[in-house]
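# Residue-level structural notes
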Amino acid sequence: KDFKAIIKKKLKEMPSRKIVVFTEFSDTASYLFEQLKDDFRVFKYSSSDSSVYNKLTLKRNFDAGIKQDQQLNDFDILVATDAISEGFNLHRAGIVFNYDIPYNPTRVIQRVGRINRINKKVFNELFIYN
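These lines cover the structure that appears in this document, whether it is placed above or below.

Reading the values: rules and limits
- Residues numbered from 1 in each chain as written.
- Predicted model: local features only at pLDDT ≥ 70, side-chain atom pairs only at ≥ 80, totals over all residues.
- Heavy atoms only, no water.
- Salt bridge = Lys/Arg side-chain N within 4 Å of Asp/Glu carboxyl O.
- Buried < 20%, exposed > 50% of the residue type's maximum accessible area, 1.4 Å probe, protein only.
- Pairing = 2+ DSSP bridges.
- Helix = DSSP H or I, 4+ residues; strand = E, 2+ residues; numbered from the N terminus.
- Axes fitted to C-alpha atoms, helices over the stretch in contact; angles between N-to-C directions.
- Contact = heavy atoms within 4.5 Å.

### A look at the pattern of salt bridges
The full count for this structure, using the stated rule, is 10 salt bridges. Across the pair Glu 34 and Lys 37 runs a salt bridge, and its minimum N-O distance is 2.9 Å. Here Glu 34 falls in the partly exposed class, since its relative accessible area comes to 42%. Its salt-bridge partner being Asp 82, residue Arg 111 comes within 2.9 Å of it at the nearest N-O pair.

Below is the structure:
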């Protein structure tokens, strides 16, 4: 199936969930962003996008741990590389797509860990697609 169609269906079925799409490569993240940006509210984050402003945007749109009045809903989808590591909470997302699988399988678990935060449960079920 077409990836856009799958994303559209998931957002329609579960409008309260945000989606995180992980890829190992920044070129792939850029490609996905370009393919999705006209149809969805999508934010891209890789090491080249690391800035104070982008980190704040990411936090305010995808981190359920910040105060309700500081949360934004400017984006429904995050396309990211593994540059998002420790310190980033993305638990306003309830869906993760591993667009590609890294060589090190531990990274897949770390990716899921971005939306599955201890003591900060947002959803009863999480959906992970590879």
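### Details of the sheet that holds strand E1 (residues 18-22)
Pairing in this open sheet of 5 strands is parallel, and the strands run E2-E3-E1-E4-E5 from one edge to the other. Because the sheet does not close on itself, it has two edges, and the strands there are strand E2 (42-45) and strand E5 (127-129). Going from strand to strand, the sheet's axes swing by 20 degrees on average, the running direction of each strand aside. Pairing of E1 with strand E3 (residues 77-80) involves 4 bridges; the strand directions are parallel. By the bridge assignment, Phe 22 is partnered in E3 with Ala 80. Across the sheet, helix H1 (residues 3-13) is in contact with E1, E3, strand E4 (93-98) and E5; its angle to E4 comes to roughly 165 degrees. Most of the contacts of helix H3 (residues 52-62) go to E2, to which it runs at about 135 degrees, and overall it touches E1, E2 and E3.

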